[in-house]
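Descriptive analysis of the structure
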Amino acid sequence: NFLDMEAPLGWHQPAGTTAPSGGAAAGFRLVKSVEVPSTEGPAQARLAATSEVEDPDHTVYVSQFAISPSLPPQIGAAAQMSEILASADSSYSICLFSRQTLDIVGKVEGHAGPITHLSFSPYSPTILWSSSTDHTIRCWDLRSQQAVATLSAAAEIYSFDMAGDVLAAGVKEQVVFWDLRRIETTKTPLVTFDSSHTEDVTRVRFHPHVANKLFTGSVDGLLCVFDINQPVEDDALLTVLPIDEAINTFGFVGPTGAGVYTLSSDQTLSLWNIDECAELAKLKNVQQKLADRMKIDYCIDCHYDTLTNQLYLFTGTNDGDVGIVLVDATTGLQPGYLLQGGHKAVVRCVDYDAKNRALVTGGEDTRISLWSLS
């Protein structure tokens, strides 16, 4: 079986659907598309775009998503929604939408540079955190739509994550920690790890089942694993996985998170067993591997579906099509669905809700699109 999982990964295509053939969309239906409202602000700094936006009048593109936990009934009823979709865009703003309807319900502003990461508090669905290249992490109360705390670093912040009372962030090549219990009295970092990585830390994630284990991915091609119960970096560093490719993003795979995937800047997908420090598969040139079955210009991200025990790769084209590919360590890549008509340019972010069979996509055409799996 795969990555020490209870059940092996396999291709279980939903009944009544077919894999894409001849460019026809299969399975997913476009429910609604909305455009992010434009905001006049500071000069825009593009975030390593894969292609240029076709319409020069569109000055705002979607770069990051975060979905809130379900809102408490009293708050949800007042806002006429149960979940919030927070969307960061190239105007350095964060728009707030109803996850179910894509109706806009608010906006927060304050960053002076591109927003690099969004995350809702694991303890409050109305508290949103954001990081930016402006050297800050901001905490927003969505009830007042105001920033209630700001953490400052010495350089650009590319990613962060929270577990318990600890917030960890990738600040250039460093990993910086804050104690969230103390931020009302001091904004000084708790500790900084500065010797494990030599280049920008692009992704920081706590293990979903072992809260004291922090994983960091970097442009230096290393995926490091730390025990944050150890305050000294040399003691805290448990494992280094040599991915050997600049890491854009990574995530956990399997019911217990025994595996990890990484996506690199050259579109290489790697699969690893964490405990054994063993590379299970390295899939290079994803575009070429699927060229005869699905057009792919770039990879967006992966999603591990806990309900079906499957790992999906989301891909895109410069014309705005989104592909969904099943990843299997044994059989490789199998095209699943092709989503067309929701975008006209590069798609930067996706969020898949397996329970409700719904997908949200955001792109450089200013659009956010909601899809439903029929």
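Going by the structure above, here's the rest.
The structure reproduced in this document is the subject of the present report.

Conventions we followed
- Residues numbered from 1 in each chain as written.
- Predicted model: local features only at pLDDT ≥ 70, side-chain atom pairs only at ≥ 80, totals over all residues.
- Heavy atoms only, no water.
- Helix = DSSP H or I, 4+ residues; strand = E, 2+ residues; numbered from the N terminus.
- Contact = heavy atoms within 4.5 Å.
- Areas by Shrake-Rupley, 256 points an atom, 1.4 Å probe, with all protein chains shown as cover.
- Pairing = 2+ DSSP bridges.
- Axes fitted to C-alpha atoms, helices over the stretch in contact; angles between N-to-C directions.
- Disulfide = S-S within 2.5 Å.
- Phe/Tyr/Trp six-rings, centres within 6.5 Å; stacked < 30°, edge-to-face > 60°.
- Buried < 20%, exposed > 50% of the residue type's maximum accessible area, 1.4 Å probe, protein only.
- Polar contact = N/O pair within 3.5 Å; in protein donor to acceptor, adjacent residues only side chain to side chain.

We now examine the overall build of the protein. Each helix and strand counted, the protein has 3 helices and 28 strands in total. Long-range contacts, defined here as pairs at least 24 residues apart, represent 49% of the contacts in the protein between residues at least 6 apart. Total accessible area on the protein is roughly 15600 Å²; 47% of this is exposed by carbon and sulfur atoms.

Here 4 strands make up an open sheet; going across it, the order is β10-β11-β12-β13 and the pairing antiparallel. Whereas interior strands pair on both sides, the edge strands pair on one side only; in this sheet they are β10 (157-163) and β13 (191-193). Neighbour to neighbour, the strand axes of the sheet diverge by 20° on average, direction disregarded. In this sheet, strand β12 (residues 174-179) lies alongside strand β11 (residues 166-171) in antiparallel orientation, the contact comprising 6 bridges. The partner of Val166 across the bridge, within β12, is Asp179.

Our next topic: the state of the cysteines. Applying the stated criterion to the full structure yields 0 disulfides. Cys302 takes part in no disulfide bond, and the closest cysteine sulfur to it belongs to Cys299, at a distance of 7.5 Å.

What follows is about the packing of aromatic side chains. Within this structure, the stated rule accounts for 6 aromatic pairs. With a centroid separation of 5.3 Å and an interplanar angle of 85°, the aromatic rings of Phe28 and Tyr337 are classed as edge-to-face. Placement of Phe28 in strand β1 (residues 28-35) and of Tyr337 in strand β25 (residues 332-339) is noted, with a sequence separation of 309 residues between them. Take Phe28 and Tyr337: they sit in the same class, and that class is buried. Ring centres of Phe28 and Tyr352 lie 6.3 Å apart, and the angle between their planes is 70°; on these two criteria the pair is classed as edge-to-face. Of this pair, Phe28 sits in strand β1 while Tyr352 sits in strand β26 (residues 347-353), and the two are 324 residues apart along the sequence. Like Phe28, the residue Tyr352 is buried in the burial classification.

Moving on: the pairing of strand β19 (residues 259-264). Among the 6 residues in β19, 6 count as buried, and that is most of the element. Covered by surrounding structure in β19 are Gly259, Tyr261 and Leu263 together with Val260, Thr262 and Ser264, the residues of both alternating faces. As judged from the 6 bridges shared by strand β18 (residues 247-253) and β19, these two strands associate in the antiparallel manner. The residue bridging Gly251 from the neighbouring strand is Tyr261, located in β19. The turn joining β18 and β19, which pair antiparallel and follow one another in sequence, is formed by 5 residues; a positive phi near 105° is taken by Gly254. The hairpin formed by β19 and strand β20 (residues 269-273) contains 4 residues between the paired strands, and Gln267 there has a positive phi angle of roughly 65°.

Here the focus is the side chain of Thr216. Looking at where Thr216 falls in the secondary structure, it is placed in strand β15 (residues 213-218). A polar contact is formed between the side chain of Thr216 and the side chain of His197, at a distance of 2.7 Å. In contact with Thr216, not counting residues within four places along its chain, are Val175, His197, Val201, Arg203, Val204, Leu222, Leu223, Cys224, Phe226 and Phe250.

For Ser121, the location among the structural elements is in the loop between β6 (115-120) and β7 (127-132). For Ser121, the side chain forms a polar contact with the main-chain nitrogen of Tyr123, separated by 3.1 Å. There is a polar contact of 3.3 Å between the side chain of Ser121 and the backbone nitrogen of Ser124.

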